[in-house]
Structure formats: C-alpha cells, structure tokens
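Below, each chain spelled out in residue letters.
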Amino acid sequence: MSSELEPETVYDMVVVHRENDVRVVTLQLFQLYTLRKLDRHFKPVIPFGPHLFGSGKTKFVQSYLELVNNMGESALIGLDYVYESEKANRRGFLEKLKRASLLFVDLRRLEPTVPIEFFRNLKWAVYYLLIKAACSQVGAEILRKKEAFEMVDMEPSNLVPLLRDILRIPSDQYLLLAFDEVGVFDTKATFFELEKNDKGVVRPYNDFIGIIRELCEEPDLFFIVVGKSEGLNIYNYVASVSRVQLVFIPLAPLEKHSIVEHLEKSSSFLFTGSPKVSEILCHEDFSTSELAELLLELTGGVPRLLVRAISYLLLYKSSNNNFLLSKETFLIIMNSFLVTNYCVAPFLPRLISLSEQRKRLLRMLTLLSLYRIRFDFDETVQISSNSDVFLYDLVTDMYLYRRLVIEPDRIERYEVLIPKLLIEYIDQGLKDDRLEWLLLQTLKSQSVEFFYESKCRILEGLIATLFYLHFSRHPTNSSMFSTLGQLSRVWNEMNLQFSSESAAYYMKSIHYTRAVLGTERMTFGSNDECPDILFKLHGRTNEKNLMMVGIACKGRWSRNGIRWNEILEEAHKFLKPVHDQVLTSHPTWHCMLITMSTQLATNVSEDLNHSSRCYSSGDSVGEFLIPHNCELVILSEADVENFIGKDILSNLRNAFKSVDNPHSRNIGISTLQEIVLSLSKNI
C-alpha cells in the first residue's frame, strides 16, 4: 500500500459539523463590520485558529463560505435576541457575506522580493503574496514584481482595488482574506527587517498583525488567520499583539454523528461512478454508524487522522474488491503497524522531536486526559524554576489535541485528547518510562464514549494506579501490601502477586463510572454491580489460588464521612454475588473488598478504634454475614492518608468540597505535578 497516496487523491472530503466554528467566525466578522462603521480608531477583531497540524483548519477556512451558505441565518448567532432594526442589519451583513469572495493565502510561499530597496520588507512581501495568490486563484498570469510594486506603491488603498480587479469582483462585494500557515514566522522571520521593541526583541507576529491592522481600514475587507506557531501563543495575545483582538476558532474534533455525515456525503474517485464512502465500505451487516464508532475510537475525531484512516480503508478495498468490512476485520487492518504508520506519517516529525522537558510534562497531560480533568483557557503550568507556560499552549506544543467543553454554567473549558493512533508512537519514544507506558496503555484501552461523558475520576484513578504500581513490581516493599498482610491471614498465606490480566483490570477500574447508565460491568464472572476498582491476584506458589480484590471509594467526600450502612451496601453488592456466582464453583478462590474513604463517620472510626480492620468469612458486620472465602477490609483514615499522601489528599478534599466535578484550577496544577511525582516514586 503506497503511503505516497494522499487522502485528497483517494476521496473527496466533505466538511461537516463545523457549525460552532462558523458561528464564532461569522460573529467576529460582523463585529469588524460594525466597528469599522462606528469608529475610525477601532481595534479590529480577527478570527484565529492556532491549532496543531491535522485539526482541519485549512479545510475549514477554504470551505467557510460554503458552510455559511449551507447554514443560512443560523450562521450568525444572536438574530433571535436583538431588536428588529438590528436583525435587519445582521441579515443584510449575512446576505452579503454569502456572496463574498474568499482569497486563500498560503504563507509558506512568503519570501523576500524585489525591488531591491524593499527586498527585506515584510509588508511588500505580504502584499505581493496576496497578488500572486489572487492571480493563481483565477488562473491569470502573475503580475511581474516591478509592475505590481508600481501599481500598489505600498498603499492598502491601492492593493485592495487591484486584488478585486484580478479576482473580477465589484468594489462593494465582501472580500475575505484567509491566511494559512501563520507559523512560518517561527522560521522565516530572519528573512525580513522587523521592528524591535524597547528591549531590542523582535516579535515577527506583531509586524504581520500590524499589516493586517492597516488593511482592516479598507471597506468590505475581512480576515481569518490560522496556523500552528510556537511564537504566537496566549502570552502574545494578552501582552504583545495589541493592535488587534484575536478570537479563537474552537475547531473541536468531530463526534460520531459528524463522522456518519462525513461518510455519507464524501465520495471516492477510486471507484466507478465515484460512490459515497459509506456505500463502498458499509453493507447490510456493517452499518455506517458502526464504522463511525470504530473510526472515532481510533482517531479521536481528529480530522486529519480520520481522513487518512478512511483513505487507507478505501485503498484496501480498491485492491481487494471482494473484501467485506466488519468490526473484526477493521481492528485487524487498523492495528497493523503499516496502517498506523500511514495514518500518522505527517505527525511523526513532531512526535519524535519532543524535548526531555516536554516528555516530563507529558505525564501530567496524560493524567489530565486519563482522569478527565478539564482546564481553563488561561491556566498556567510551571515548566522550570523561572518559566511558566499556558496549559492551552502546552497541549499544542506537545502535539496533542484539545476538546472544547461548554459546561452547564456556560463557562468554556478544555480537555486533553490523545488519539489512540498517536499513542503507539508516543510510547515508542518513552520505552523506559514505565509510568507513562501504563498511563498511555490505559488511554489506549479506554472507550471514547466514557471520555466524552464521564466526570473527573482523579481519586479512583490515583488509587488504582498506586495499587498497580505498588503491587506489580516490588510488592513486599509496599506499605499497603504490608498493611493488608497484617490485617488478613489469607492475604499472607496466599503469597499474592499480580496476574498477567491485572493490567487490563486496572484499566477498567478507571474507565467506568456509576453515573453512566445502561453499562454492564463484569466482575470476573459476576455481572452485578461492582466497586470502583478491580484487581485479580494469583498465589506465587500455587497458580490455582486466586484473590479477587475490589476497592470501593464510596462516600469519599462526604462531609460527615462514610457510614456503616454505606459500607455494608458495598459489601452486599460485591461480596455476595461474587460468592454465589463465582466462588462456589472455585474452592481455591477468594474475594476481598477494600473500603477506602478519605473520611469515616465518627461512629465508624470509634467502632474500629481508629484503626484498619479486616472482617473474615463467618464474621457478622451489623446484619451482614461475610460469605465463605470472602473478606471485608475497612481502612482507617490514617492508612488512606499514608497511601495517597497527606498533602495530595488534603488538596483533593478541598477541590471536591464545593463541586462534584472539579477542574484543574480547583485541584491545582501543583497538586497534579505532585501526583505525577508521587506515582513516579512508586515505580
């Protein structure tokens, strides 16, 4: 299979589900239109997409006007909430926008140009690039540099009419300039003579934005700027680029229904009659919805990864005409190294160039993604003793993705998204980092639906990860292993170690949440509800000996602490069905439920004499009789605190005090870094 075949040569990709992005852009264009009418000294508003390669930004700006026409009045928010006179104003703007002409400008083609006295002048280079782009777009002969310079004379009022003439559009028709690949200034800035600030520092983006600022004064002219850049980040927006207001275009990854639409509307050139992709790959036993779900799992909805995965399937189908796609064949094909390499090839130069400093920060970002911790737009993280970076920028710099989440209070926050196709390649560069391997493999096994729907799972995830790290390598050195050995005679006698399956069950521990309805959870053969965390341990000397361990975190942030009735409810839901459905058929198997609460009710602590306690087979706890070969362990607050860490536990308790789904600012970036450090120490 040739990796040289780009997706554009395989199928015609239809842009779908960019309604939110269209509304953001259209509103900002309308604001520029309004400001220009009201105040000659206005601060222009420019829609900006500072996204990583593969986010769909180029395709979006190229298709923007088509999307506006498809959406109609819904392309401009606010029409239902303004006065009639304002509605007419907005509708008039939107009607003209539908008939606008878009000039797409690839800044990678920017270069110094003659005349010699302006050879290193950025403004003239941008102007001539616009002229060349306009000529190329209509198939006209490109104006010679000297002729173009004489016609424009470095004046915006001369440039814009010239562009209109080349594009053959009237003077009152909207012209939208779409600048792509703005990141070229990270490397091409040295080609030009640029302004220096009072400290002698050159900021090339200020010069470029200054050129746009000057053009903004021309009537009926609008702008979109997109492109990944290390030099243009949130700090620049708030502190440096003061000549305009840059407003973010979300460009979120696609969700399942959008992928279905994409499959149903896109067509392939590889097959006679250019049928729709869904018609080629799907059939009566394998629906478009099933394919979309599998593609979402694999790509995370990242547009470039998605289209490359679809392209490979189409190429495979064209070479194997009788091939019928199914869930099983999809997984076999897409899990091969050859396919993964084809899908992520454009990303590889970025993935393998991570600095050591960035690799260390990757652990924290993986935690954010794995435990579903959301972060604010302007949140910072310390990367060295004297250097901070915005978390939003860090995600971009690490070549990961963000997903915009609008919460019930209408506050916009973000989640870190690490597509499964990228995990293998990130993992290859971190072969000696056992913690990162564990976190990444957990993410790889995690279903996307839980990533999109579940709440923050930091406590359960932290406890599960600590248990796995404690017991899988040097369990005899683990304080928790020792504590359980002191409490439980069976634990000591079985001489336990992790089974080969334990990593899989550790991963399941973090995935599932009681809040997700309709989800059946298997408890090693029992299909009743089970605790937050599950493990399977084997005897070292006798493989037939097996201990099923469940960990319940119920009531963990209760102000009054977890009560006896809650503990017994957990024991009844886990120990009894496991005994009745599993242990009765396996006499050498045992089951243990460990209750870990950050706070016990006062009477529970007093009954336990403020110590951890193990109730064994035949013991009565209230009205609950511990079944045969089962044990119930209730850990004291002191043992829980010792296991998790006093400071970490205190910070988590404070974070959950006011909200049941805290974000990273509630928890604290320093706490997340401390968690990473704590986990690393347990390797």
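Everything below is about the structure printed above this text.
Residues numbered from 1 in each chain as written. Predicted model: local features only at pLDDT ≥ 70, side-chain atom pairs only at ≥ 80, totals over all residues. Heavy atoms only, no water.

Peer 1: What's the story with the overall build of the protein in this structure? I'm lost.
Peer 2: Counting secondary structure elements, the protein contains 31 helices and 19 strands. Going through the 683 residues of the protein one by one, you find that 58% of them count as buried. Long-range pairs, those at least 24 residues apart, make up 74% of the contacts in the protein with a sequence separation of at least 6. Accessible surface, the protein: about 29600 Å² in total, of which carbon and sulfur atoms supply 47%. (Helix = DSSP H or I, 4+ residues; strand = E, 2+ residues; numbered from the N terminus. Buried < 20%, exposed > 50% of the residue type's maximum accessible area, 1.4 Å probe, protein only. Contact = heavy atoms within 4.5 Å. Areas by Shrake-Rupley, 256 points an atom, 1.4 Å probe, with all protein chains shown as cover.)

Peer 1: I tried to follow a nonpolar patch on the surface on my own but got confused; where do I start?
Peer 2: A cluster of nonpolar side chains, contributed by Val114, Ile116 and Phe119, occupies part of the molecular surface with about 280 Å² of accessible area. With respect to the element layout, isoleucine 116 can be found in the loop between strand 3 (101-106) and helix 4 (122-138). The class of isoleucine 116 is exposed, set by a relative accessible area of 66%. (Patch = residues over 30% accessible without salt bridge, like charges linked within 9 Å, V, L, I, M, F, W, Y side chains within 5 Å. Salt bridge = Lys/Arg side-chain N within 4 Å of Asp/Glu carboxyl O.)

Peer 1: Looking at this structure, I do not really get the packing of helix 12 (residues 288-299) against helix 13 (residues 303-319). What am I missing?
Peer 2: The packing of two helices is summarised by the inter-axis angle and the distance between the axes. The geometry of helix 12 relative to helix 13 is characterised by a closest axis approach of 10 Å and an angle of 125° between their N-to-C directions. For the element pair helix 12 / helix 13, the angle class is oblique. The two elements helix 12 and helix 13 meet at a crossing, and its hand is right-handed. In this structure, helix 12 uses Leu291, Leu295 and Thr299 to contact helix 13, whose residues at the interface are Leu305, Leu306, Ala309, Ile310 and Leu313. Here the contact of helix 12 with helix 13 is composed, by residue class, of 7 nonpolar, 1 polar and no charged. (Axes fitted to C-alpha atoms, helices over the stretch in contact; angles between N-to-C directions. Parallel < 35°, antiparallel > 145°, perpendicular 65-115°, else oblique. Left-handed = near helix turned anticlockwise from the far one by under 90°. Nonpolar A, V, L, I, M, F, W, Y, C, P; charged D, E, K, R; others polar.)

Peer 1: What exactly am I supposed to notice about the pattern of salt bridges here?
Peer 2: A side chain with one charge can pair with a side chain of the opposite charge if their charged atoms come near. According to the stated counting rule, one finds 25 salt bridges in the structure shown. Between aspartate 532 and arginine 457 there is a salt bridge, with the nearest N and O atoms lying 3.9 Å from each other. Residue aspartate 532 is found in the loop between helix 25 (502-511) and strand 13 (533-539), and its partner arginine 457 is found in the loop between helix 21 (448-453) and helix 22 (458-472); the two are separated by 75 residues along the sequence. Across the pair, arginine 457 and aspartate 532 agree in class, each one buried. The shortest N-O distance in the salt bridge between aspartate 580 and lysine 576 comes to 2.9 Å. Of the two residues, aspartate 580 and lysine 576 are both situated in helix 26 (residues 564-581); the distance of 4 residues between them amounts to about one turn of the helix. In this structure, a network of salt bridges that share partners links the residues Arg374, Asp376, Asp378, Arg403, Glu407, Arg413, Glu415 and Arg665.

Peer 1: Would you mind going over the nonpolar core with me for this structure?
Peer 2: Across soluble globular proteins, nonpolar side chains have a tendency to be buried as a group. Of all hydrophobic cores here, the largest spans 207 residues; its most connected members are Tyr64, Ile131, Phe179 and Phe467. No other element matches the 12 residues that helix 4 contributes to this core. The residues touching tyrosine 64, leaving out its near neighbours within four places in the chain, are Val22, Val25, Thr26, Leu29, Leu97, Leu176 and Ile224. Leu568, Leu583, Ala601 and Leu608 belong to the second largest nonpolar core, which has 28 residues in total. (Core = buried A, V, L, I, M, F, W, Y, C linked by side-chain atoms within 4.5 Å.)

Peer 1: I tried to follow helix 12 on my own but got confused; where do I start?
Peer 2: Since the α-helix turns once every 3.6 residues, residues separated by three or four places project in the same direction. With 12 residues, helix 12 ought to run about 16 Å at 1.5 Å a step, and its terminal C-alpha atoms sit 16 Å apart, in line with that. Thr288, Leu291, Ala292, Leu294, Leu295, Leu296, Leu298 and Thr299 are the residues of helix 12 that are buried. Downstream of helix 12 by one or two residues, glycine 300 has phi in the positive range, about 70°. (Expected span 1.5 Å × (residues − 1).)

Peer 1: What exactly am I supposed to notice about unusual backbone geometry here?
Peer 2: Positive phi values are uncommon outside glycine, yet arginine 168 reaches one of about 60°. Along the chain, arginine 168 turns up in the loop between helix 6 (156-167) and strand 4 (175-180). Phi angles above zero are rare outside glycine, and serine 274 is one such case at about 45°. Its place among the elements puts serine 274 in the loop between strand 7 (267-268) and helix 11 (277-281). Serine 274 sits in the partly exposed class, given a relative accessible area of 33%.

Peer 1: Whenever I open this one, the packing of aromatic side chains confuses me. Can you help?
Peer 2: When we look at a pair of aromatic rings, we describe it by the centre distance and by the angle of the planes. What the rule picks out here adds up to 22 aromatic pairs. Summarising the aromatic geometry, the rings of tryptophan 124 and tyrosine 128 are spaced 5.8 Å apart at their centres and angled 35° between planes, so their arrangement reads as tilted. Remark: tyrosine 128 and tryptophan 124 occur in helix 4; sequence separation between them is 4 residues, near one turn of the helix. The residues tryptophan 124 and tyrosine 128 share a single accessibility class, namely buried. The ring of phenylalanine 42 carries the charged tip of arginine 213 above its face, separated from the ring centre by 5.0 Å. (Phe/Tyr/Trp six-rings, centres within 6.5 Å; stacked < 30°, edge-to-face > 60°. Lys NZ or Arg CZ within 6 Å of the ring centre and 35° of its normal.)

Peer 1: Got a minute to help me understand the pairing of strand 8 (residues 380-384) in this structure?
Peer 2: Residues in a regular strand point their side chains to alternate faces of the sheet. Here 4 bridges tie strand 8 to strand 9 (residues 387-390), and the two strands are oriented antiparallel to one another. Each bridged residue has a counterpart across the sheet, and for valine 381 the counterpart in strand 9 is valine 389. (Pairing = 2+ DSSP bridges.)

Peer 1: Hey, could you run me through the packing of helix 10 (residues 256-265) against helix 13 in this one?
Peer 2: At their nearest, the axes of helix 10 and helix 13 sit 12 Å apart, and the two run at 45° to each other. When the interaxial angle is binned, helix 10 and helix 13 end up oblique. Regarding helix 10 and helix 13, the two cross each other, and that crossing is right-handed. Contact residues: helix 10 offers Ile259, His262 and Leu263, while helix 13 offers Leu306, Val307 and Ile310. In the contact of helix 10 with helix 13, the residues fall into 5 nonpolar, 1 polar and no charged.

Peer 1: Hey, could you run me through the sheet that holds strand 14 (residues 546-552) in this one?
Peer 2: With mixed pairing, 6 strands are arranged side by side in an open sheet as 12-13-14-15-19-16. Looking at the sheet topology across the chains shown, the edges are occupied by strand 12 (496-498) and strand 16 (613-615). Neighbour-to-neighbour, the strand axes of the sheet open up by a mean angle of 25°, direction not taken into account. Where strand 14 lies against strand 15 (residues 589-595), 7 bridges are found, and the strand directions are parallel. Bridge assignment links methionine 548 to a residue of strand 15, and that residue is cysteine 591. In the packing of helix 22 onto the sheet, contacts are made with strand 12, strand 13, strand 14 and strand 15, and the angle to strand 13 comes to roughly 10°. Along the sheet, helix 26 makes contact with strand 13, strand 14, strand 15, strand 16 and strand 19 (630-634), crossing strand 15 at roughly 160°.

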